[in-house]
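Chain residues, written in single-letter form:
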Amino acid sequence: MNKVKCPKCGEVFTIDEDSYASIVAQIKNDEFQKELVKREKEISEKNQLASELAIQGAIKDKDAQLLKSKEEIAELKSKLEAQEQIAKAKVDSIKQQYESELREKLLIKDNQIQNANAEKELAVSKAVSEKELELSKSKQEIVELNSRLENAKKDAELDIKNLKEEHALELKSKDTQIEYFKDLKTKMSTKLLGETLEQHCQIAFNQIRMTAFPRAYFEKDNVVSADSGSKGDFIFKDFIDDSDIPFISIMFEMKNESSTTATKHKNEDFFKELDKDRNEKGCEYAVLVSTLESDNELYNAGIVDVSYRYPKMYVIRPQCFIPMITLLRNAALNTIEYQKQLITYKTENMSVEKFESELQDFQDKFNKNYRLANERFDDAIVEIDKTIQHLTKVREGLVGAARNLRLANDKAQELSIKKLTKDNPTMKEKFGIK
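Because the structure is a prediction, the values reported are computed rather than measured.

Each value, and the rule that gives it
For every chain, the first residue of the written sequence is number 1, and numbering continues from 1 onward in sequence order. Confidence filtering applies because this is a predicted model: local features only for residues at pLDDT of at least 70, side-chain atom pairs given and counted only at 80 or more, and all residues used for totals across whole chains, interfaces and linings. To obtain the side-chain values, all non-hydrogen atoms of the structure were included, while hydrogens and water were left out. The helix and strand labels rest on DSSP assignments: H or I over at least four residues marks a helix, E over at least two residues marks a strand, and numbering proceeds from the N terminus. Only protein chains enter the accessibility calculation, which uses a 1.4 Å probe; a residue is then buried when its area is under 20% of its type maximum, exposed when over 50%, and partly exposed in between. Whether two residues touch is decided by their heavy atoms; if any such pair falls within 4.5 Å, the residues are in contact. To be clear on the numbers: accessible area is Shrake-Rupley with a 1.4 Å probe, and residue cover counts the displayed protein chains and nothing else. For Phe, Tyr and Trp, where Trp contributes only its six-membered ring, two rings pair if their centres lie within 6.5 Å, and the inter-plane angle classes them as stacked under 30 degrees, edge-to-face over 60, or tilted in between. Distance and angle both matter: a charge sits over a ring if NZ of Lys or CZ of Arg is within 6 Å of the ring centre and within 35 degrees of the ring normal. Working definition of a nonpolar core: buried Ala, Val, Leu, Ile, Met, Phe, Trp, Tyr and Cys residues. They are joined through side-chain atoms within 4.5 Å. A side-chain nitrogen of Lys or Arg and a carboxyl oxygen of Asp or Glu constitute a salt bridge if their distance falls within 4 Å. Only strands joined by at least two bridges in the DSSP assignment are considered to pair. For this quantity, the arc is that covered by the directions from the helix axis to the C-beta atoms. To estimate the expected span of a helix, subtract one from its residue number and multiply by 1.5 Å. Two axes define the bend at a residue: one fitted to the seven residues ending there, one fitted to the seven starting there, and the bend is the angle between them.

Some points on the overall build of the protein chain
Part 1: In terms of regular secondary structure, the protein chain is built from eight helices and eight strands.
Part 2: Burial statistics for the protein chain: of 434 residues in total, 17% are counted as buried.
Part 3: For the protein chain, contacts bridging at least 24 residues in sequence account for 53% of all contacts bridging at least 6.
Part 4: As displayed, the protein chain offers around 34,700 Å² of accessible surface, 56% of which is attributable to carbon and sulfur atoms.

Okay, here's the thing in structure tokens:
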């Protein structure tokens, strides 16, 4: 507790420490403000006076420097004029020396030009003589080339004459061969009419079977189709290595006709039946070996592809029978590797199906375990949500308490003696508050 004496009435009264400290602070603040204003005024006056003195001293220094600079400029100007006179004299001297050297160099250049002209004239005369010599040689070479050209023309004419004679002999030989093959065709047709076309093709194949087709199957088609009641004439198959898997199969149909037959057939009449036989017997290609339409240039030209009517179907003359088999077989040889890969793939595919079955069983078991775990996981999430809700309520309570404490602190900070003594004349009088 502290005792305070009123300066007006002289009465002494006691106040607590906080009130006393507040009054002392108010008094100190008033005195400090007055002292601060006084000090600021003194400092401002001193600064103004010092600034005026500094400006006057700077003006005097500048005047002295300006005077000194004028004197230095005048001195430098005089030195510069003297140096200009010396430089001018040196330039005149150098100019005279340079003109003298230039005249000497011009004389030397004139002499060099005269010597060069003389050398040039000599070189020109020498070059002219060399060119004349080369020209004479060129003329001689031209004469020799003309002579060679004439000889080459004569040789070419002789070669042309020889070629014409050889060509005439070859034409004569070709005509003889054509007549021979025409006669052979006539004889062959006669032979084919004597023995059946099927026998001819079978004999032709068996003659080269062991050398060209050692693993091939070529037999008559004796199985009548239950659907159509028809069958082909021959089936050809060749196999991959020593396996029973064919890489090519051909259905053959043989059609022969005598020139004296009353009813003439066309090759196209047999396409539909041949295609049906090919599909029912599972063959890849269908080939019609025919002597029909003997005057038709299309079929007489060789192998005819009629796949525009039926897929993988050909019409040939009997003489193209073996070449046709060879052509199709050689083309199919390129697919053997792919067919082997297909067989391997089918074999592996069985393992893949087993793997897929095991995978499906694993997925079913995994799905069951996942469902059970998921149910427990959902229960845990529900409990976590409940805990989060509880913690949220606790947090809201703490936030509300913090807000109330802040408001109480603000009210405590705003509390003063003036507010406490409001409507209390006795306390105002004691604290000296008006």
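Alright, that's what it looks like, and here's the rest.
Let's talk about the packing of aromatic side chains
Part 1: A full pass over the atoms with the stated rule returns nine aromatic pairs.
Part 2: Each ring, one from F218 and one from F252, has its centre 6.2 Å from the other, and the planes form 75°; the classification is edge-to-face. With a gap of 34 residues between them, F218 in strand β3 (residues 217–220) and F252 in strand β5 (residues 246–255) connect regions that are remote in the sequence.
Part 3: A relative accessible area of 0% places F218 in the buried class.
Part 4: On the basis of relative accessibility, which here comes to 0%, the residue F252 falls in the buried class.
Part 5: When the centroid spacing of 5.8 Å and the interplanar angle of 55° are considered together, the rings of F218 and F321 count as tilted. Here the residue F218 occupies a position in strand β3, and F321 occupies one in helix α5 (residues 321–333), the gap between them amounting to 103 residues. Side by side, F218 and F321 carry an identical accessibility label, which is buried.
Part 6: These aromatic residues form a ring-pair network of at least three members: F205, F213, F218, F234, F236, F252 and F321.
Part 7: Stacked on the ring of F234, the Lys or Arg K220 has its end atom at 4.8 Å from the ring centre.

Examining the nonpolar core
Part 1: With 28 residues, the main nonpolar core has F205, F236, F252, V289 and F321 as its most contacted residues.
Part 2: When contributions to this core are tallied by element, the ones reaching two or more residues are α2 (197–212), β4 (234–239), β5, β6 (285–290), β8 (313–316) and α5.
Part 3: Per-element accounting of this core gives the leading share, six residues, to α5.
Part 4: With sequence-adjacent residues up to four places away left out, F236 is seen in contact with F205, F213, A216, Y217, F218, I248, S249, I250, F252 and I325.

Details of the pattern of salt bridges
Part 1: Here the structure, examined in full by the defined rule, presents six salt bridges.
Part 2: Put simply, D275 and R278 hold a salt bridge, and the shortest N to O gap is 3.3 Å. With D275 and R278 both in helix α3 (residues 271–280) and three residues apart, the pair spans about one turn of that helix.

Regarding the pairing of β4
Part 1: When you tally the buried positions in β4, you get five out of six residues, the bulk of the element.
Part 2: Looking at chain direction, β3 and β4 are connected through four bridges and run antiparallel. Note that in β4 the partner of Y217 across the bridge is K237.
Part 3: With six bridges joining them, β4 and β5 adopt antiparallel strand pairing. From the neighbouring strand, F236 faces β5, where its bridge partner is I250.
Part 4: The antiparallel hairpin formed by β4 and β5 contains six residues in its connecting segment, where D241 sits at a positive phi of about 50°.

Some details on the pairing of β5
Part 1: Among the ten residues that make up β5, eight are buried, leaving the element largely enclosed by the rest of the structure.
Part 2: In this structure, β5 lies alongside β6, joined through six bridges in parallel fashion. Looking at the pairing, M254 lines up with V289 of β6.

Comments concerning α3
Working note: α-helix, 3.6 residues per turn, so residues spaced by three or four point in the same direction.
Part 1: Residues of α3 that are buried include every one of F271, L274, D275, D277 and R278, and no others. The arc that holds every buried residue of α3, seen down its axis, measures 160°, which confines them to one face.
Part 2: Following α3 by one or two positions, G282 has its phi on the positive side, about 70°.

Side note on α2
Part 1: Between its terminal C-alpha atoms α2 stretches 21 Å, which fits the 22 Å expected from 16 residues at 1.5 Å a residue.
Part 2: Along its length, α2 shows its largest kink, about 30°, at N206.
Part 3: Those residues of α2 not exposed but buried are L197, H200, C201, A204, F205 and R209.

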